[in-house]
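Architecture at a glance
This is what each chain is made of:
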Amino acid sequence: MSQVVDFSNVSTEGLETSPVAAALAGLRANEARYFKNKYDHEFTVEPADEAAETVDWVTRILAEERDIVIASRPLEATGFVADGIRFAYVFYESGLAINVMYGLEPGSKRAVGFKLSEGMEVPEELATRFKFARQRSKLAGTIRGSFFVIKGEY
């Protein structure tokens, strides 16, 4: 069952099993606010098992582009198109959020982003491959993030 993420009243619903559930909920709300403000899009998530197509797409890109397999269990996911860009988000139990920004026009920007919830360690599968920059968010506290550019076609 899908739920619209409310960035005014942050809820941990769907993320309760995460050891950093409150921070992950703040990170999810931060993304929801961004999409509402930039694209007037209601950020809606659903349990990962109901969003298997989105989770599989993100998993495939990680595996084929960088040979990355995320050890943590996916909790929620969403996929949508806004302004000619296909977006996908997967929120993991560890507190990791992965997003794919995939421009639909040939030659447009395509990238995978990683965001770490406040209080979580850098996952072992990412620790030696990426440097994480810090940013502050009113909703999510300190977010550490990194990304890579997608080279293949998906």
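First, a word on scope: everything that follows refers to the structure included in this document.

Structural notes on the environment of His41
Tracing the backbone shows His41 in the loop between helix H1 (21–39) and strand S2 (44–47). Along the chain, His41 and Val81 lie 40 residues apart, while their C-alpha atoms are 9.5 Å from each other. His41 has contacts with Phe35, Lys36 and Phe80, leaving out every residue within four places of it along the chain.

Structural notes on helix H2 (residues 52–66)
Counted at 1.5 Å a residue, the expected span for H2 with its 15 residues is 21 Å, and the 21 Å between its end C-alpha atoms agrees. Next to the buried residues of H2 lie strand S3 (74–82), strand S4 (85–92), strand S5 (96–103), strand S6 (110–116) and strand S8 (141–149). Just past H2, the residue Asp67 takes up positive phi, approximately 55°.

Description of unusual backbone geometry
A positive phi angle, close to 55°, is found at Asp67, a residue other than glycine. Topologically, Asp67 is positioned in the loop between H2 and S3. Overall, Asp67 belongs to the exposed group, its relative accessible area being 59%.

What to know about the pairing of S4
By the criterion of burial, S4 is predominantly enclosed, with seven of the eight residues buried. With eight bridges connecting them, S3 and S4 associate as antiparallel partners. Of the residues in S4, the one forming a bridge with Thr78 is Tyr89. The loop that links S3 with its antiparallel partner S4 comprises two residues; one of these, Asp83, has a positive phi angle of about 55°. Between S4 and S5, which pair antiparallel and follow one another directly, the connecting turn spans three residues, one of which, Gly95, has a positive phi of 110°.

Digging into the environment of Ala63
Looking at where Ala63 falls in the secondary structure, it is placed in helix H2. Residue Ala63 is classed as partly exposed on the basis of its relative accessible area of 34%. Residues Ala63 and Asn99, 36 residues apart in the sequence, show an inter-C-alpha distance of 14 Å.

Focus: the pattern of salt bridges
In total, this model carries seven salt bridges according to the counting rule given. Salt-bridge contacts for Arg73 lead to Glu93; the nearest nitrogen and oxygen are separated by 3.2 Å. With Arg73 in the loop between H2 and S3 and Glu93 in the loop between S4 and S5, this residue pair connects regions lying 20 residues apart in the sequence. Of the residues examined, Arg73 reaches a relative accessible area of 45% and is grouped as partly exposed. When salt bridges that share partners are traced, they join Lys36, Asp40 and Glu42 into one network.

So, how was this worked out
- The residue count restarts for each chain, going from 1 along the sequence in the order it is written.
- With pLDDT at 70 or above as the cut-off, local features in this predicted model cover only qualifying residues; side-chain atom pairs require 80 or more to be listed or tallied, and sums for whole chains, interfaces and linings still use all residues.
- The side-chain values count all of the structure's non-hydrogen atoms but skip hydrogen atoms and water molecules.
- A helix here means a DSSP run of H or I that spans at least four residues, while a strand means a run of E at least two residues long, and both kinds are numbered starting from the N terminus.
- Whether two residues are in contact is decided by their heavy atoms, any of which lying within 4.5 Å being enough.
- Take the number of residues in a helix, subtract one, and multiply by 1.5 Å to get its expected span.
- Three exposure classes are used, based on accessible area relative to the maximum for each residue type with a 1.4 Å probe and protein chains only: buried under 20%, partly exposed in between, and exposed over 50%.
- By this definition, two strands are paired if DSSP reports at least two bridges between them.
- Any carboxyl oxygen of Asp or Glu within 4 Å of a side-chain nitrogen of Lys or Arg constitutes a salt bridge here.

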